[in-house]
Amino acid sequence: MKMMIAGNWKMNGLAASQGELQNLIDMFSGSTPEGLDILVCPPATLVASFAASYSDEGVMIGGQDCHPEDSGAHTGDISAAMLADAGAAYVIVGHSERRADHGESDALVKAKAEAVLAAGMAPIVCVGETKEEREAGKALDIVGGQLDGSLPQTNDEIVIAYEPVWAIGTGLTPTISDIAEMHDFIRGKTRQDIRILYGGSVKPGNAQEILAVKNVNGALVGGASLKANDLFGIISAAPGNV
Ligand code: PEP
């Protein structure tokens, strides 16, 4: 299975940030590795310009969220069809920051994922437990419930991102055996061809160890994806590129 390294820029990036992506491509001397998929999800304001500049350079562009409907009276929202029209290939749905900041339920995440599929793209469906849930021994139950509630029934491409909430942006990561346990659990509940990304404080220094875990099919990277150097380090640590 082809690995995916996906960058989530969150609410960061202005037009001038395009230079970071150009720096990344320059680090690969103009041609990114063919053995893995590289995806960058900038803020919605930059999707069209990044896609126009980089989709043919080996870096796919994605959205960070979408509305479940195609169009209508939803001021400030953006639809999957609009992201596809702007050149996006993937859309992150159900990120824990959306689930927490906007009260997004599993049912809403599923509706968004279905909208992404209907628009001809693939959703990256995020799941993950809080610190309290892990400490209470409920991590597998919580993630299992999120998968049951958020994943659309389809034979089309879906990507799952396991992102423990307590590991996002904190510098903390689960143990390698906890990552392996969760990814095996998710694999047991999903199609064999679905990529399962790990996300949560992935850095150049820990990427090699995490990406070597069975059933870890790539990484969703937040903070470290904002700097070309760090993203290059993570991509270079993927099996086959080491
Ligand atoms: C994320 O936001 O999806 C994420 C994994 O963030 P970070 O890498 O900064 O922990």
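Data block above holds the structure.
All values derive from a computational prediction rather than experimental measurement.

Definitions and cut-offs
Residues numbered from 1 in each chain as written. Predicted model: local features only at pLDDT ≥ 70, side-chain atom pairs only at ≥ 80, totals over all residues. Heavy atoms only, no water. Near = heavy atom within 4 Å. Polar contact = N/O pair within 3.5 Å; in protein donor to acceptor, adjacent residues only side chain to side chain. Nonpolar A, V, L, I, M, F, W, Y, C, P; charged D, E, K, R; others polar. Buried < 20%, exposed > 50% of the residue type's maximum accessible area, 1.4 Å probe, protein only. Helix = DSSP H or I, 4+ residues; strand = E, 2+ residues; numbered from the N terminus. Pairing = 2+ DSSP bridges. Right-handed = clockwise from strand over helix to strand, strands pointing away. Contact = heavy atoms within 4.5 Å. Axes fitted to C-alpha atoms, helices over the stretch in contact; angles between N-to-C directions. Parallel < 35°, antiparallel > 145°, perpendicular 65-115°, else oblique. Left-handed = near helix turned anticlockwise from the far one by under 90°. Phe/Tyr/Trp six-rings, centres within 6.5 Å; stacked < 30°, edge-to-face > 60°. Expected span 1.5 Å × (residues − 1).

Undergrad: Now, about the site of the ligand: what can you tell me, with residues and values included?
TA: Neighbouring residues of the ligand: 14 residues in total, closest Lys10, Glu163, Gly169, Ser201 and Gly222. Measuring from an oxygen atom of the ligand, one finds a backbone N or O atom of Gly169 at 2.6 Å. Between Gly223 and the ligand, the recorded distance is 2.8 Å, taken from a backbone N or O atom to an oxygen atom. Considered class by class, the residues forming the shell around the ligand number four nonpolar, eight polar and two charged.

Undergrad: Any details on the pairing of strand β7 (residues 195-199)? Residues and values, ideally.
TA: Taking burial as the measure, the five residues of β7 include five buried ones, the bulk of the element. Neither face of β7 is open: one carries Arg195, Leu197 and Gly199, the other Ile196 and Tyr198, and all of them are buried. Pairing of strand β6 (residues 159-162) with β7 involves four bridges; the strand directions are parallel. Note on β7: the bridge partner recorded for Ile160 is Ile196. Handedness of the crossover joining β6 and β7 through helix α8 (residues 176-189): right-handed. With two bridges connecting them, β7 and strand β8 (residues 218-221) associate as parallel partners. Within the sheet, the bridge partner assigned to Gly199 lies in β8 and is Leu220. A crossover connection joins β7 to the parallel β8 through helix α9 (residues 204-211); in handedness this β-α-β unit is right-handed.

Undergrad: Account for the environment of Phe232, with residues named and values stated.
TA: Position of Phe232 among the secondary structure elements: in helix α10 (residues 228-237). Judged by relative accessible area, which is 25%, Phe232 ranks as partly exposed. As a C-alpha pair, Phe232 and Leu24 span 208 residues in sequence and 6.4 Å in three-dimensional space. Not counting the four nearest positions on each side in its chain, Phe232 is found in contact with Leu24, Met27 and Phe28.

Undergrad: Can you break down the packing of helix α1 (residues 18-27) against α10 residue by residue, with the values?
TA: For the pair α1 and α10, the least separation of the axes is 9 Å and the interaxial angle reads 40°. When the interaxial angle is binned, α1 and α10 end up oblique. Two packed elements cross with a definite hand, and for α1 against α10 that hand is right-handed. In contact with Glu20, Asn23, Leu24 and Met27 of α1, α10 contributes Ala228, Asn229, Leu231, Phe232 and Ile235. Across the contact of α1 with α10, the residue classes break down as six nonpolar, two polar and one charged.

Undergrad: Hey, could you go over the packing of aromatic side chains for me, with residue numbers and the actual values?
TA: Applying the stated criterion across every chain yields a total of four aromatic pairs. On the numbers, 5.5 Å between centres and 85° between planes, the contact of Trp9 with Phe50 is edge-to-face. Here the residue Trp9 occupies a position in the loop between β1 (3-8) and α1, and Phe50 occupies one in helix α2 (residues 44-54), the gap between them amounting to 41 residues. Each of the two residues, Trp9 as well as Phe50, counts as buried. Ring pairs connect the aromatic residues Trp9, Phe50 and Tyr54, which therefore count as one cluster.

Undergrad: Talk me through helix α5 (residues 106-118); I want residue IDs and the actual numbers.
TA: With 13 residues, α5 should cover 18 Å at 1.5 Å per step; its first-to-last C-alpha distance of 18 Å lies within 8% of that length. All buried positions along α5 are accounted for by Val109, Lys112, Ala113, Ala115, Val116 and Leu117. In the core, the buried residues of α5 are packed alongside α3 (80-86), β4 (90-93), α4 (96-101), β5 (122-127) and α7 (139-150).

Undergrad: Go over the environment of Pro33, please, and point to the residues and values.
TA: Here Pro33 is to be found in the loop between α1 and β2 (36-41). Placed 112 residues apart in sequence, Pro33 and Gly145 show a C-alpha to C-alpha distance of 36 Å.

Undergrad: Report on the sheet that holds β8, specifying residues and quantitative values.
TA: Within the closed barrel, the eight strands sit side by side as β1-β2-β3-β4-β5-β6-β7-β8. Their pairing is parallel. Between one strand axis and the next, the sheet turns by 25° as a mean value, whatever way the strands run. Two strands pair when backbone bridges link them, and strand β3 (residues 60-63) and β4 are joined in this way by two bridges, in the parallel orientation. Within β4, the residue paired with Gly62 across the bridge is Tyr90. Relative to β7, α8 is tilted by about 150°, and along the sheet it contacts β6 and β7.

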